[in-house]
Amino acid sequence: MTESFRRDGEYEQYENPYQGAQQHSSSPVNPEWPPPPAHRPAQPPQAEPVTVQPGTTVWPGQPQSMAGGEGGGNGGGTAVLPTVPAEPAPGTTPAARKRPRGPIALLAAVAIVAAAIGGGTAYGIQELTGSDTAASSSTTTSVVPSSKQGDVASIAAAVSPSVVEVGATLSDGTSTGSGVIITSDGEIVTNNHVISGAQSIKVTASDGKSYTAKVVGTDSKKDLALIKLEGASGLHPATLGNSSGVQVGDTVVAIGSPEGLSGTVTSGIVSALNRDVTVSTDENQQQGQGGDGRWPFSFGGQQFNGDTGSSTTTYKAIQTDASLNPGNSGGALINASGAIIGINSAMYSASSSSSGSSDAGSIGLGFAIPINTVKADLAHLRAGGSN
């Protein structure tokens, strides 16, 4: 047998021991590892376990089996009690948990921005889409641009498509009033006295289109009624505001059909709040003096437009000096932002038979049912209400 010997340094050098050079079985796999100690380190008489890193406990001097089955016998190897995740190899970096990106992060950012914007969102959408009205809402929304708030022409242009003329055929004549569209499929709020005793109802929209309507529900104690157009869709619903925020002196606009003149616009201010207005709940009295459009009511201990009779009810009303005449009943009282704050219901109108023609017409004494009263009564009306 012939053995070959080479002096130290005669071997070919490789940076990686697995590339082209066979390792001796006793040499370490990785040259970077330190050689084992030549002698077993001295141990104290009673060694205590030492924790070198979280989850790994070293028991010095105890002859236990090594993890993985190595180092057995009496060699006093180091026992690793719990199994811990392997450390990453030198030069490698553990994969970091990535933060969500893409659509999820974008949606989160949009949600934060939307929350910060808050109430301005609806107005922003309105400006982008070019729409000057909004669907019925429980909160006050600006229907006209902020730069046009209080401008009567802008308010009229925005809200007029939501106000209709209501004509009722009675057993002894006709009654003319107004109504406010609250849904795109044709739900309309009006006064009960406008349609009380009606045999048929005809509604004319601001664009001149006519519809037939049926009564959904009535509430004579609040002088409110809900009617529904037949075969209607794509209508322009009004924005229902918040009448609790109305103050004396606020600018208001009234839209209705006085004397059958549909789409008539008048303006004024809120003259007073919480006026006790008493109206009749009797159907014959509600038709108003043979159907001439004058609605009897009492206020401040006085009777106006005739006798209210013995069957009456009283509600709190918004008083306005905006000109209201027969035919305005059931129409809209609108604030400076274009939101409905009341349904016009009662107005004083001097009778031409009892005074000269110069005294006939509005004298600036009108009343409207607060819109919050209307909203609170809607469920009752939709369920059929009561007569």
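Residues numbered from 1 in each chain as written. Predicted model: local features only at pLDDT ≥ 70, side-chain atom pairs only at ≥ 80, totals over all residues. Heavy atoms only, no water.

As for the overall build of the protein chain
Now for step 1: For the protein chain, the count of helices and strands is seven helices and 17 strands.
Now for step 2: A buried classification covers 36% of the 387 residues belonging to the protein chain.
Now for step 3: Counted over contacts in the protein chain with a minimum sequence separation of 6, partners at least 24 positions apart contribute 63%. (Helix = DSSP H or I, 4+ residues; strand = E, 2+ residues; numbered from the N terminus. Buried < 20%, exposed > 50% of the residue type's maximum accessible area, 1.4 Å probe, protein only. Contact = heavy atoms within 4.5 Å.)

What to know about the nonpolar core
Now for step 1: The biggest cluster of nonpolar side chains holds 35 residues, and the ones touching the most others in it are Val159, Val189, Val277, Phe297, Ile334, Ile340 and Phe367.
Now for step 2: At four residues, helix H7 (residues 371-382) tops the list of elements feeding residues into this core.
Now for step 3: Each residue touching Ile340, except ones within four places of it in the same chain, is listed here: Val159, Val180, Ala238, Thr239, Leu240, Gly241, Ala332, Leu333, Ile334 and Ile371.
Now for step 4: Of all hydrophobic cores here, the second largest spans 16 residues; its members include Val164, Ile181, Val203 and Tyr211. (Core = buried A, V, L, I, M, F, W, Y, C linked by side-chain atoms within 4.5 Å.)

Regarding the pattern of salt bridges
Now for step 1: One pass over the structure, following the stated rule, counts four salt bridges.
Now for step 2: Between Lys222 and Asp219 there is a salt bridge, with the nearest N and O atoms lying 3.8 Å from each other.
Now for step 3: On the basis of relative accessible area, Lys222 is assigned to the partly exposed category, the value being 32%. (Salt bridge = Lys/Arg side-chain N within 4 Å of Asp/Glu carboxyl O.)

A word on the environment of Gln149
Now for step 1: Structurally, Gln149 can be placed in the loop between helix H2 (120-129) and helix H3 (152-159).
Now for step 2: Residues Gln149 and Ala336, 187 residues apart in the sequence, show an inter-C-alpha distance of 5.3 Å.
Now for step 3: When near neighbours in sequence (up to four residues on either side) are disregarded, Gln149 contacts Ser142, Val144, Ala336 and Ser337.

A few points about H7
Note that an α-helix has 3.6 residues per turn; residues three or four places apart therefore point the same way.
Now for step 1: Taking 1.5 Å of rise per residue, the twelve residues of H7 would be expected to cover 16 Å, and the 16 Å separating its terminal C-alpha atoms lies within 8% of that figure.
Now for step 2: Every buried residue of H7 is accounted for by Ile371, Val374, Asp377, Leu378 and Leu381. The buried residues of H7 occupy an angular sector of 145 degrees when projected down its axis, which confines them to one face. Away from its buried face by more than 90 degrees, H7 exposes Ala376 and Ala379. (Expected span 1.5 Å × (residues − 1). Arc of directions from axis to C-beta.)

So, the pairing of strand S9 (residues 251-256)
Now for step 1: Within S9, five of the six residues are buried, which leaves it mostly tucked inside the rest of the structure.
Now for step 2: The pairing of S9 with strand S10 (residues 264-280) spans six bridges and is classified as antiparallel. When the sheet's bridge partners are listed, Val252 is paired in S10 with Gly268.
Now for step 3: In the sheet, S9 pairs with strand S14 (residues 332-334) via three bridges, with the strands oriented antiparallel. By the bridge assignment, Ile255 is partnered in S14 with Ala332. (Pairing = 2+ DSSP bridges.)

Topic: the packing of aromatic side chains
Working definition: an aromatic ring pair is given by the centre-to-centre distance plus the angle between the planes.
Now for step 1: With the rule as written, the count across this model stands at four aromatic pairs.
Now for step 2: Judged by centre distance (5.2 Å) and plane angle (25 degrees), the ring pair of Phe297 and Phe304 falls under stacked.
Now for step 3: Given a relative accessible area of 10%, Phe304 falls into the buried group.
Now for step 4: The rings of Phe297, Phe299, Phe304 and Phe367 are connected pair by pair, giving a single aromatic cluster. (Phe/Tyr/Trp six-rings, centres within 6.5 Å; stacked < 30°, edge-to-face > 60°.)

Describing the environment of Thr320
Now for step 1: Residue placement: Thr320 occurs in strand S13 (residues 312-320).
Now for step 2: Ignoring sequence-local partners within four residues, the contact set of Thr320 consists of Val252, Ile269, Ser271, Leu333, Gly364, Leu365 and Gly366.
Now for step 3: One polar contact links the side chain of Thr320 to the main-chain amide nitrogen of Ala322, over a distance of 3.0 Å. (Polar contact = N/O pair within 3.5 Å; in protein donor to acceptor, adjacent residues only side chain to side chain.)

Looking at the confidence of the model for the protein chain
Now for step 1: For the protein chain, the mean per-residue pLDDT works out to 74, and 57% of the residues sit at or above 70.
Now for step 2: Note on residues 62-81: pLDDT under 50 across the span, and 22 contacts to partners over four residues away in sequence or across chains.
Now for step 3: Every residue in residues 107-140 scores below 50 in pLDDT, and together they form 41 contacts with partners more than four places removed in sequence or on other chains. (pLDDT = per-residue confidence, 0-100.)

A word on the pairing of strand S4 (residues 173-181)
Now for step 1: Sheet topology note: the strand S3 (residues 163-170)/S4 ladder contains eight bridges and is antiparallel. Directly across from Glu165, in S4, lies its bridge partner Ser178.
Now for step 2: Linking S3 back to S4 in an antiparallel pair, the connection comprises two residues.
Now for step 3: Where S4 and strand S5 (residues 187-190) come together, two bridges link them in antiparallel fashion.

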